[in-house]
Amino acid sequence: MNGTNSYSKEKLVVGVVGAHNLMPKDGEGSSSPFVEVEFENQRLRTQVRYKELNPIWNEKLVFHVKDVADLPYRTVEINVFNERRSSNSRNFLGKVRVSGSSIAKEGEEVAQLYTLDKRSLFSHIRGEISLKLYLSVKEEVKDLEPNGIVPSVSSSCSTPSGFSKKTKKLQGPSSTMATLAQQQLVQENKHTQQTQNHSKPFEPNPGEIKPVMVTTGPSPANPGVTGIRVGGGATMYSNGSTEFSLKETRPQLGGESLQKDKTSSTYDLVEQVQYLYVKVVKAREISSLFGGSELVAEVKLGNYRGITKRVSLSNVEWDQVFAFSKDSIQSSMVEIIVKESNKDDFLGRVWFDLNEVPRRLPPDSQLAPQWYRMDDKKGEKAKAEVMVSIWFGTQADEAFAEAWHSKAANVHFDGLCTIKSKVYLSPKLWYLRVSAIEAQDIVLGEKGSAMMRFPELSAKAQVGNQVLKTRIAAASANRSLSNPFWNEEMVFVVAEPFEDYLLLSVEDRVAPGRDEVVGRVILPVMAIEKRTDEKPVTSRWFNLDSQFGNAGESKIVTRFGPRIHLRVSLDGGYHVLDEATMYSSDVRPTAKQLWKPHIGVLEMGILGATGLMPMKIKEGKGGSTDAYCVAKYGQKWVRTRTVVDNLSPKWNEQYTWEVFDPCTVIAIGVFDNSRVDKNTSNNAGGARDTRIGKVRIRLSTLESDRVYTHSYPLLMLHSSGVKKMGELHLAVRFSCSNMGNMLHMYTMPLLPKMHYVQPLGVNQLESLRYRAMNVAASRLSRTEPPLGREVVEYMLDHDSHMWSMRRSKANFFRLMNVVSGLVAMVRWVESMRNWNKPVYSTLFVVFFLVLVMLPELIIPTILLYMAFLGLWRYRSRPRHPPHMDTRLSHAESVYPDELDEEFDSFPTTRSAEVIRMRYDRLRSVAGRIQTVVGDLATQGERFQQLLSWRDPRATFLFVFFCLIAAVGFYAVPIRVVVALWGLYVLRPPRFRSKMPSPALNFFRRLPTSADSLL
């Protein structure tokens, strides 16, 4: 085929020898394993060994290689699965990723033993697999299939009997779920490049079929994980693809060790991680060998080395903390060295035995540092002393946030501040309302042309980079040309502390596109009056400066001179929306005196992430990710520390928020820190952190005082389609102090009172939200470490208002789902009318007659039905929080052109042909909507024409019918009328005609305004 011409002559051969001590997954103490190997979008599998925990395959899987020179940068992924014949599915038994740099040449291949790795944090995996990987020019690969998958070529390895296995073609999964999972694995294989560190070479005996296995016992399960029934240690809640589903996890949280009172632990929603803390405070009696040099302290523990900042010899004080993760400690001694910054020789050092280091728990106070006499180069005690404290603690320790972590040893000094965990507060935002009422005695700038034209005067207000203008004042017979009248309001967004000024100017349009300033006034925002209710503030006259000199504080107007009449106030009764309305995390007003007491506490443990996609390429390391997590609720933003160069980071950080309204949403986003790499952070354009994914949790969907531990899929929509970027593991608990106050909140307005007394328009709110987001982003970017604008915009859903065909489809089908209940009820009544089931139809008629005769039972019956239906559905209530649904979002079945349109900038940058095609598509959709709207208008106009006498004969018939019907309804009881009408409608089909009823025929003949349309 043509596709094979681009491949090199050498082929990659993966010899699958066998496996040892696999995990039983079939529920009967055994497994039926097979191996699946992926390389450069090619996937092959071995045969299945049924009921075997120590299987032997001795099969060769041969792959095409595009470019042998790129092989060291590629990765071969080997997955072991258990085949479940009953359900036509498979369980995960382990995986191995082998770097292309470890692939041997033909004739030099050696069987190696690899330890099987977990796919996620909570997988139950054990065992080893022995493989041979080498390049060969003798082996052949079958032609590529149209889908790009190479059929399996399995031949035997060297055996005494020369036994040869038959080839077995890989059967691709037929479901969408499995297809998406395969696509995810292919994408992961293209970007992930990790070297397997657990390989152990060994020499198998060529005369034996069974490979040599190590004699160590089975690898222990993770003590911090309690497995659940589904493979991978999780229970899946799937409403679509399993790859994109929510999984319930069972981590060993810190509070579970406390049998009596779980809430007594500060960090009870995360796994307790042990750290060795070394605090180097200061030194004394230091004598420099060369004089005048700067001193540093170096903390060495095995291969890890932490260096303090440089200090002068006159003031040797560092006050820095170093944290070493206990699982990465490689030595039993920690050494602290004091030396000159530019010299290798040390001035003094001191050792500590880790077996003698004390352990500290968070309730205890910090360990007091002590003076220790250091040893010199000769090993003798010197006069120099260093003040040090050393202890074992957890992430609950106060020193954890500011400590230097051993995992960040390769981060350059300028990037250290960007990897620490921080808590940010959004600035308090206010609405600044400016009412430009009128102006007097305006002196125009162009004296000569003032009598030649009518002045076009308008008022322009500016706060920071926000600019708004009024309309041009209209001419009035009661006012002179120099006294314009506007009476218009302009609303701005300002943040505390108030550093901006309100610049208001009067402009005259002297030519199209050219405005001339004829007067202005500058007001400091901090001097503007605040209000918390709907009562307007007192308006004032301000002098206009027509000379544009240095403007101080504006004074009250004098008798003569141009002036302007303004009403300016800071409105604290509103909630300044900086998030999308449907995802609001806070609805409190700006003024703190209007806040009500909090009703509960939200606690969240950010445990970690697994299976993250590599976001960048590092020299010598391949694909990597420096991930950190950002959570936003209310005014409080939290940022976890950055875990450097890890695709499965563990944060284990816990945060708390006060909850004032249960119908709010917390957003958690994962990002790749681009400021860790010195080369990237020094770019002229500035480094931007890359999005990895986001999770939203609505608090009203959580039960009180229950801990939710789930693994949330991190989904991102790219121009190529939806893609799973990894999984985020969270532990969430919503605690309520008073259930009565909680239930009372459901009867209160969602927004503060001012939003209903003096409402803002929809378009105005959207514009103000965009400005509020810009103000918040600019303030948060001034923190240290800064929270980038790209992070703030992504967390606040800045692009939620943009047009998208995919979102339009999703919203349409959401609407159809809402209407489907009413449609189902109509169909059920129609089935009763058709008498398909005579017994049910008879009971329905009897029930209808009972309700007609006893109308007081109608409302109680409906309410009882809804109550019993709710109680019945309580058993099947959702047990887990909602998450991103790819099927609901129409992300799985979207067309490529629709995605390209969604990711297009505004205004568009696409070619004219693409724009023309999209415009024609939009016209066709709008044409259908136009037809539906026209039909609805036609039906409504026919109702209006009943009494309009546009058709005199039709109106005469309707009026005559109304007179006769009025007499009939007066004479006959309403119950009898309704009963007769119901019996007429529910009569069996044999007594009905297929022709439309006379009333419907009469209605369809009425005229409409469509006759007058062009």
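Quantities reported herein were computed from a predicted structural model and do not represent experimental measurements.

Draft legend 1. Highlighting helix H5 (residues 762-780). Between its terminal C-alpha atoms H5 stretches 27 Å, which fits the 27 Å expected from 19 residues at 1.5 Å a residue. The set of residues buried in H5 consists of Leu 768, Arg 769, Arg 771, Ala 772, Met 773, Val 775, Ala 776, Ala 777, Arg 779 and Leu 780. Here the buried face of H5 lies against strand S23 (422-425), strand S24 (429-440), strand S26 (466-469), strand S27 (485-495), strand S37 (636-639) and helix H6 (789-795).

Draft legend 2. Here's a closer look at the packing of helix H8 (residues 838-853) against helix H13 (residues 974-985). Between H8 and H13, the shortest axis-to-axis distance is 9 Å and the interhelical angle comes to 165 degrees. In terms of their interaxial angle, H8 and H13 are classed as roughly antiparallel. Handedness of the H8/H13 crossing: right-handed. In this structure, H8 contributes Val 845, Phe 848, Leu 849, Val 852 and Met 853 to the contact, and H13 contributes Arg 975, Val 978, Ala 979, Gly 982 and Leu 983. Grouping the constituent residues of the contact of H8 with H13 by class yields eight nonpolar, one polar and one charged.

Draft legend 3. Molecular detail of the sheet that holds strand S28 (residues 501-511). Pairing within the open sheet is antiparallel, and its four strands lie in the order S26-S25-S28-S29. Two strands bound the open sheet, and with one partner strand each, they are S26 and strand S29 (514-524). Within this sheet the neighbouring strands show an average axis-to-axis angle of 20 degrees, counted without direction. Judged from the seven bridges that link them, strand S25 (residues 457-463) and S28 form a sheet pairing that is antiparallel. Bridging from a neighbouring strand, Ala 459 pairs with Val 506 of S28.

Draft legend 4. Highlighting the environment of Ser 435. Relative to the assigned elements, Ser 435 resides in strand S24. A residue is classified by how much of its surface remains accessible, and Ser 435, at 3% relative accessible area, is buried. C-alpha of Ser 435 to C-alpha of Asn 487: the two residues are 52 residues apart in sequence and 6.5 Å apart in space. Leaving out residues up to four positions away in the same chain, Ser 435 has contacts with Glu 488, Glu 489, His 565, Leu 566 and Arg 567.

Draft legend 5. Representation of empty space enclosed by the protein in the model. In this structure the tally under the stated criterion is four cavities of 30 Å³ or more. The calculated volume of the largest cavity comes to roughly 200 Å³. Every residue lining the largest cavity is counted, 17 residues in all, and those nearest its centre are Leu 429, His 575, Val 576, Asp 586 and Gln 635. For the lining of the largest cavity, a count of residues per class yields five nonpolar, six polar and six charged. Within this model, the second largest cavity holds a volume of roughly 100 Å³. For the lining of the second largest cavity, the residue count by class is nine nonpolar, three polar and one charged.

Draft legend 6. Main features of the sheet that holds strand S40 (residues 690-698). Taking strand neighbours across the sheet as the criterion, the five strands line up as S23-S37-S36-S39-S40 in an open arrangement whose pairing is antiparallel. Here the strands that pair on one side only, and so sit at the sheet edges, are S23 and S40. Taken pair by pair, the neighbouring strands of this sheet meet at an average axis angle of 20 degrees, ignoring direction. Looking at chain direction, S23 and S37 are connected through four bridges and run antiparallel.

Draft legend 7. Just a nonpolar patch on the surface, in detail. On the surface, a nonpolar cluster with roughly 850 Å² of combined accessible area is contributed by Leu 947, Trp 949, Phe 956, Leu 957, Val 959, Phe 960, Leu 963 and Ile 964. Structurally, Phe 956 is set in helix H12 (residues 952-971).

Draft legend 8. Region of the structure containing the packing of aromatic side chains. Per the stated rule, a full pass over the model turns up 18 aromatic pairs. Measuring from centroid to centroid gives 6.3 Å for Trp 430 and Phe 498, while their planes differ by 70 degrees, and the two rings are edge-to-face. Note that Trp 430 is positioned in strand S24 and Phe 498 in the loop between S27 and S28, a separation of 68 residues in sequence. Each of the two residues, Trp 430 as well as Phe 498, counts as buried. Here the guanidinium or amino end of Arg 877 rests over the ring plane of Tyr 874, the centre of that ring lying 3.9 Å away. Lying over the aromatic face of Tyr 984, Arg 987 brings its terminal NZ or CZ to 4.0 Å of the ring centre.

The rules behind each value
- Residues numbered from 1 in each chain as written.
- Predicted model: local features only at pLDDT ≥ 70, side-chain atom pairs only at ≥ 80, totals over all residues.
- Heavy atoms only, no water.
- Helix = DSSP H or I, 4+ residues; strand = E, 2+ residues; numbered from the N terminus.
- Expected span 1.5 Å × (residues − 1).
- Buried < 20%, exposed > 50% of the residue type's maximum accessible area, 1.4 Å probe, protein only.
- Contact = heavy atoms within 4.5 Å.
- Axes fitted to C-alpha atoms, helices over the stretch in contact; angles between N-to-C directions.
- Parallel < 35°, antiparallel > 145°, perpendicular 65-115°, else oblique.
- Left-handed = near helix turned anticlockwise from the far one by under 90°.
- Nonpolar A, V, L, I, M, F, W, Y, C, P; charged D, E, K, R; others polar.
- Pairing = 2+ DSSP bridges.
- 1 Å grid on protein atoms, 1.4 Å probe; cavity = no way out; pocket = protein on both sides within 12 Å on 5 of 7 lines; lining within 4 Å.
- Points joined across faces, edges and corners; volume = space filled by probe spheres on them.
- Patch = residues over 30% accessible without salt bridge, like charges linked within 9 Å, V, L, I, M, F, W, Y side chains within 5 Å.
- Areas by Shrake-Rupley, 256 points an atom, 1.4 Å probe, with all protein chains shown as cover.
- Salt bridge = Lys/Arg side-chain N within 4 Å of Asp/Glu carboxyl O.
- Phe/Tyr/Trp six-rings, centres within 6.5 Å; stacked < 30°, edge-to-face > 60°.
- Lys NZ or Arg CZ within 6 Å of the ring centre and 35° of its normal.

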